[in-house]
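One-letter residues, chain by chain:
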Amino acid sequence: MEAIVKKRIKQVIKGDQNAFGEIVEIYKNSVYQLCFRMLGNRHEAEDMAQEAFIRAFVNIHTFNQDLKFSTWLFRIATNLCIDRIRKKKPDYYLDAEVAGTEGLTMYSQIPDKTPLPENEVESLELHETIQKEILKLPEKYRSAIVLKYIEELSLNEISEILDLPLGTVKTRIHRGREALRQQLQYV
């Protein structure tokens, strides 16, 4: 078989592209298997095998005909696979089936962004509890806390709205927070 391959290589060098097609037919399964064993992924193995044949075709004039063609071709394929492994980030095909399951794909492994119903209920209950406790605060602290944490206003804006000095606003927010913390400890 090596003699046939060397004859085809001479034809390719002379410009006969069809002769290279015969070489591909001879080695396509072996090159694919090599790539698949190195990469473990059918799609990537096909890509690398194809790239190996393209590189071999483009560089066929550099092939030393005293050596075996298969060794040269496998070296090209191996180097391409090694380069791919080095550059490769873990990639997952979302439509690939999850191992050990029947029909489940990676799509089913993507977490849903909507909160779980129990988390929503807990959050609503917490908001209600905090709101009830805010209503129990003295008015001077309540207004500062509501403007700061519910309305998310800056200290300067709160100072203007309440017509109080900035230092007084800071004090009321601090004392209101402390009072709220004390109230929430017993809830």
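Our subject is the structure listed above.
This structure is a prediction, so every number in the text was calculated from the model and none was measured.

### Quick word on the pattern of salt bridges
For the structure on display, the rule yields eight salt bridges. For E22, the salt bridge identified is with R8, shortest N-O distance 2.5 Å. Of this pair, E22 sits in helix α2 (residues 17-39) while R8 is found in helix α1 (residues 2-13), placing the two residues 14 residues apart along the sequence. As a salt-bridge pair, E44 and R84 come within 2.9 Å of each other at their nearest N and O atoms.

### What about the environment of I85?
Checked against the element boundaries, I85 lands in helix α4 (residues 69-87). Residue classification places I85 among the partly exposed positions, given a relative accessible area of 42%. Separated by 46 residues in the primary sequence, I85 and L39 place their C-alpha atoms 7.2 Å from one another. Those residues in contact with I85 that sit more than four places away from it in its chain are M38 and L39.

### A look at the packing of aromatic side chains
Tallying each qualifying case throughout the model produces seven aromatic pairs. Arranged with centres 6.5 Å apart and planes meeting at 90 degrees, the rings of Y27 and F74 form a pair that is edge-to-face. Placement of Y27 in helix α2 and of F74 in helix α4 is noted, with a sequence separation of 47 residues between them. With a centroid separation of 5.2 Å and 45 degrees between ring planes, the pair formed by F63 and W72 is classed as tilted. W72 carries the same exposure label as F63, and that label is buried. An aromatic cluster is built from Y27, F63, F69, W72 and F74, whose rings are joined through pairwise contacts.

What counts and what doesn't
- Residues numbered from 1 in each chain as written.
- Predicted model: local features only at pLDDT ≥ 70, side-chain atom pairs only at ≥ 80, totals over all residues.
- Heavy atoms only, no water.
- Salt bridge = Lys/Arg side-chain N within 4 Å of Asp/Glu carboxyl O.
- Helix = DSSP H or I, 4+ residues; strand = E, 2+ residues; numbered from the N terminus.
- Buried < 20%, exposed > 50% of the residue type's maximum accessible area, 1.4 Å probe, protein only.
- Contact = heavy atoms within 4.5 Å.
- Phe/Tyr/Trp six-rings, centres within 6.5 Å; stacked < 30°, edge-to-face > 60°.

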